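# Reading the structure
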Amino acid sequence: MKTLEALKSHWGYTSFRPLQQEAVESALGGKDSLVVLPTGGGKSLCYQLPAVAGKGGLVLVVSPLIALMDDQVSAAREAGLSADALHSNLASGPKSEAYARLSAGETQLLYVSPERLLVGDLLDDIGPRLILAAVDEAHCVSHWGHEFRPEYRRLKEALDRVPEAPRMALTATATPEVQDDICLQLGLREPNRLIGHPDRPNLVYRAFPRRDQSGQVAEVVRRHEGEGGIVYAQTRKDVDRLAAGLREAGISAAAYHAGLDADLRRKAQDDFVNERLDVVVATIAFGMGIDRSNVRYVVHANTPRSLEHYQQESGRAGRDGLPAECVLFFSASDLATHRWLAQKDGNLAPERQKSLERQLREIGRYAVAPICRHRILAEHFGAPYPAPGAVQEAGGCLCCDVCLEETKSLGADEALVTAQKVLSAAWRTNGRFGAGYVVAVLLGKGDERIQRNAHDALQVFGILKDAGEVAVRSWVDQLVVQGFLEVFEDGDYPLLRITEAGKALCKGEGSVRLGVPAPPTARGKKKSKALKKAPAGAAQPDEDLFERLRRLRKMIAGQLGVPPYLVFHDTALVEMAAQKPQTMEALRAVKGVGDKKLERYGRAFLTVLTGGEPSGLLI
Ligand code: ADP
Ligand code: ZN
């Protein structure tokens, strides 16, 4: 079968996403490739399609995410592929069935964990039928990445036993350094490097200083009533408190962290994936096993440890390509906590220490610099922003708090004068006090310690009173991330002092950028509901019909015991609700409706599309 035909008949899509075709053709042409595509970019198709296009054959997929494998197998079967997974959690029945299909030569797609691949002689058995060996989450092979897995280092040895099979390494996040490391460690042979642009244009990024964690989190959650979302917090205590607060406010929310009973955790995950639960409040332990494609928002109630972590965690929003929101509530104290956690078992090696400091600086800069968040992320992953050839409106990306002017940049002169005021307060207090003290001086607070130190006599005392505490605190953070101030530890206390660059700025040398976060009430109440944004010129989806289609999907998913997104993605439902197809023929034209799904679900959806009530599948 030709590639485009296979794309329509198995997946219901009429065109490839960027680099998918190149990846498929590499595989079919017997060439190695490195595929870096952002979350939602459509990586699975790159290795699945070769199994049904060309001459066909067996595609092996190595993945560390055992929790996801069964879902991926179900999704591939929905597309009409003969797929199986081999991993340690497999019950004996399904296991022998999988082996039977494998030895009968029926299997087209086989998922294995790295552990499973490394033992026994699986590779010798399947070697002759193998048309592609794909390694998913390939960044795990690199020490430089953020999820190093020692077993990944032994994959090259295994793959070398099937030298004829082309290799494909796939990942969502890899800096150029990590990309090189992947090619080296997996022994890719003159690979086609297919590096997609890392930007996720459907995500709205927002970053604000944290003042009131529960209140700020609740405000975002309320804006997304009835939609799926994830809230990440740093400690179990925070997770429990935030989840309880949301539940009290009548929101369907559950906590998820390593301290909870395994059954409770499994239930939260199951309920979330099956859309019986709207919000999961979690430590980062949650997410690796989550493939729900219609997560509409991800909130970070604390700052993550690096931009890689942020990209990965926030990337769980909007995998279906529809608008979704990612909000980060930043406080400089989070960075101190990360430092403390990293060092609590002893000092770090100097190289590790340096890279930790760099990571914290970068995430801090992302959170407080008044610079387009999409740009900061893209540049961090080695890509220019906007992407070459992309047209951008004068107002920037229009999907981050800076470009939407929810965080306003001060003009160059005002920024300089303001920065000089903050810096001189830090200079005059001689690096003997913490950030909170310096802020109190600038606000003119009549605190007893300030009087005792006679700092109420300083010229800068009360000089930024009118700006308010939120802005002044944020300016201190902004000056820290730009290197004009630094926080250092003295004994147990983090103290604030001016740097050489800061002193130079006070004398008018250099330039600085400062932003002011808009007060919370004035903040954009923009909805990112899947329905609110039909592309310009397209028919507007019928909201009521969409809800009925959603109900039908949930019924069918319940009947079949699979997550709703496996039946159809939100994108397909939105298109149905807009186009209102009335025949099987017309339904087949909807993106995401392939032959297999049409055959299985077509009638049930047509019933609703032609005005009937959802009643599930007739089985
Ligand atoms: P990734 O693994 O890169 O995060 P997935 O493989 O899960 O992405 O694909 C993300 C979504 O995009 C899925 O819903 C998938 O069905 C859809 N998709 C993939 N390829 C295409 C395409 N060519 N056209 C439209 N949608 C696609
Ligand atoms: Zn922007």
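Whatever comes next refers back to the structure up there.
About the thresholds
- Residues numbered from 1 in each chain as written.
- Chains lettered and ligands numbered in written order.
- Predicted model: local features only at pLDDT ≥ 70, side-chain atom pairs only at ≥ 80, totals over all residues.
- Heavy atoms only, no water.
- Helix = DSSP H or I, 4+ residues; strand = E, 2+ residues; numbered from the N terminus.
- Rg over C-alpha atoms; globule rule 2.2 N^0.38 Å.
- Buried < 20%, exposed > 50% of the residue type's maximum accessible area, 1.4 Å probe, protein only.
- Contact = heavy atoms within 4.5 Å.
- Areas by Shrake-Rupley, 256 points an atom, 1.4 Å probe, with all protein chains shown as cover.
- Lys, Arg positive; Asp, Glu negative; His and termini not counted.
- Charge placed at Lys NZ, Arg CZ, Asp CG, Glu CD.
- Near = heavy atom within 4 Å.
- Polar contact = N/O pair within 3.5 Å; in protein donor to acceptor, adjacent residues only side chain to side chain.
- Nonpolar A, V, L, I, M, F, W, Y, C, P; charged D, E, K, R; others polar.
- Donors = N, O, S within 2.8 Å, 3.2 Å for Na, K, Ca; no water.
- Tetrahedral: all angles 85-135°; square planar, octahedral: opposite > 155°, others 65-115°.
- Pairing = 2+ DSSP bridges.
- Axes fitted to C-alpha atoms, helices over the stretch in contact; angles between N-to-C directions.
- Core = buried A, V, L, I, M, F, W, Y, C linked by side-chain atoms within 4.5 Å.
- Domains from an automatic or database assignment.
- Parallel < 35°, antiparallel > 145°, perpendicular 65-115°, else oblique.
- Left-handed = near helix turned anticlockwise from the far one by under 90°.
- Expected span 1.5 Å × (residues − 1).
- Salt bridge = Lys/Arg side-chain N within 4 Å of Asp/Glu carboxyl O.

Within the protein one finds 26 helices and 17 strands. Relative to the 2.2 N^0.38 estimate, which gives 25 Å for 619 residues, the radius of gyration of the protein is 26 Å and therefore close to what a compact globule would have. Here the C-alpha coordinates of the protein stretch approximately 85 × 60 × 50 Å along the principal axes. Going through the 619 residues of the protein one by one, you find that 55% of them count as buried. Taking the intrachain contacts of the protein between residues at least 6 apart in sequence as the baseline, contacts between residues at least 24 apart amount to 73%. Accessible area for the protein stands at about 26800 Å²; split by element, carbon and sulfur atoms hold 50% of it. The distance from the centre of the 79 positive side-chain charges to the centre of the 78 negative ones in the protein is 2 Å.

Right, let's talk about the site of ligand 1 for a bit. Around ligand 1, the surrounding shell holds 15 residues, and the nearest of these are Tyr 13, Gly 40, Lys 43, Ser 44 and His 569. Arg 17 is positioned with one of its side-chain polar atoms (N or O) 3.1 Å from a nitrogen atom of ligand 1. Here Gly 42 contributes a backbone N or O atom positioned 3.1 Å from an oxygen atom of ligand 1. For ligand 1, the accessible surface in isolation is 570 Å², of which the surrounding protein chains cover 85%. Looking at which element gives the most residues to the shell around ligand 1, the answer is helix 3 (residues 43-52), with three residues. Of the residues belonging to the shell around ligand 1, the class tally is four nonpolar, eight polar and three charged.

Angles at a metal have ideal values that depend on geometry: 109.5 degrees with four tetrahedral donors, 90 or 180 degrees with six octahedral donors. Note on the zinc ion (ligand 2): its protein donors are Cys 372 (SG), Cys 397 (SG), Cys 400 (SG) and Cys 403 (SG). The metal-donor distances range over 2.3 to 2.4 Å. Its four donor atoms give the zinc ion (ligand 2) angles of 103 to 116° at the centre, a pattern that matches the tetrahedral case. We note that the donor set of the zinc ion (ligand 2) lies within a single chain, spaced as C-x24-C-x2-C-x2-C. In this pair, Cys 372 sits in the loop between helix 15 (350-368) and helix 16 (373-380) while Cys 400 sits in the loop between helix 16 and strand 14 (407-409), placing the two residues 28 residues apart along the sequence. Residue Cys 400 is classed as buried on the basis of its relative accessible area of 0%.

What follows is about the sheet that holds strand 5 (residues 130-135). In spatial order, the strands read 3-4-2-5-6-1-7; together these seven strands make up an open sheet with parallel pairing. The open sheet terminates on both sides in strands that have one partner only, identified here as strand 3 (83-86) and strand 7 (192-195). The sheet shows a mean angle of 15° between the axes of neighbouring strands, direction not considered. As defined by bridge partners, strand 5 adjoins strand 6 (residues 167-171) across three bridges and the pair is classed as parallel. Paired with Ala 134 across the bridge in strand 6 is Met 168. Its contacts with the sheet place helix 4 (residues 66-78) against strand 3 and strand 4 (109-112), and it is angled at close to 170° to strand 3. Running over the sheet, helix 5 (residues 92-103) touches strand 2 (58-62), strand 3 and strand 4 and is turned about 120° from strand 3.

Looking now at unusual backbone geometry. The amide bond that connects Tyr 385 to the next residue, Pro 386, takes the cis arrangement and shows omega of -5°. As for its position among the elements, Pro 386 is in the loop between helix 16 and strand 14. Positive phi is not limited to glycine here, since Glu 190 has a value of about 40°. Assignment of secondary structure puts Glu 190 in the loop between helix 9 (176-185) and strand 7. For Glu 190, a relative accessible area of 69% corresponds to the exposed category.

Of all hydrophobic cores here, the largest spans 74 residues; its most connected members are Phe 286, Tyr 366, Leu 549, Phe 568, Met 576 and Phe 605. Counting residues per element, this core draws most heavily on helix 26 (residues 595-609), which supplies seven residues. Shared between two domains, this core takes at least three residues from each, and those domains are domain 2 (203-387 + 394-406) and domain 4 (543-609). Dropping the residues within four chain positions of it, Met 576 is found in contact with Leu 545, Leu 549, Phe 568, Pro 581, Leu 587, Val 590, Val 593, Phe 605 and Leu 609. One finds Leu 110, Leu 118, Cys 140 and Ile 182 within the second-largest nonpolar core, a separate group that totals 35 residues.

Moving on: the packing of helix 18 (residues 435-443) against helix 20 (residues 469-481). Geometrically, a packed helix pair is captured by the angle between its two axes and the distance between the axes. For the pair helix 18 and helix 20, interaxial distance at closest approach is 10 Å and the crossing angle is 130°. Here helix 18 lies oblique to helix 20, going by the angle between them. The handedness of the crossing between helix 18 and helix 20 is right-handed. Every residue of helix 20 that contacts helix 18 at Ala 435, Gly 436, Val 439, Leu 442 and Leu 443 is listed here: Glu 469, Val 472, Arg 473 and Val 476. Tallied by class, the residues present in the contact of helix 18 with helix 20 amount to six nonpolar, one polar and two charged.

Moving on, we get to helix 20. One turn of the α-helix equals 3.6 residues, which is why residues spaced by three or four share an orientation. Between its first and last C-alpha atoms helix 20 spans 19 Å; for 13 residues at 1.5 Å apiece the expected length is 18 Å, and the two agree. Taken residue by residue, helix 20 has Ala 471, Val 472, Ser 474, Trp 475, Val 476, Asp 477, Gln 478, Leu 479 and Val 481 as its buried positions.

So, on to the pattern of salt bridges. With the rule as written, the count across this model stands at 36 salt bridges. Here Asp 160 ties to Lys 156 by a salt bridge, and the two come within 3.1 Å at their closest N and O atoms. Under the relative-accessibility criterion, Asp 160 is labelled partly exposed at 36%. Taking relative accessible area as the criterion, Lys 156 reaches 30% and is therefore assigned partly exposed. Salt-bridge contacts for Glu 357 lead to Arg 339; the nearest nitrogen and oxygen are separated by 2.9 Å. Of this pair, Glu 357 sits in helix 15 while Arg 339 sits in helix 14 (residues 332-343), placing them 18 residues apart in sequence. Salt bridges sharing common partners tie together Arg 206, Glu 219, Arg 223, Glu 325 and Glu 406.

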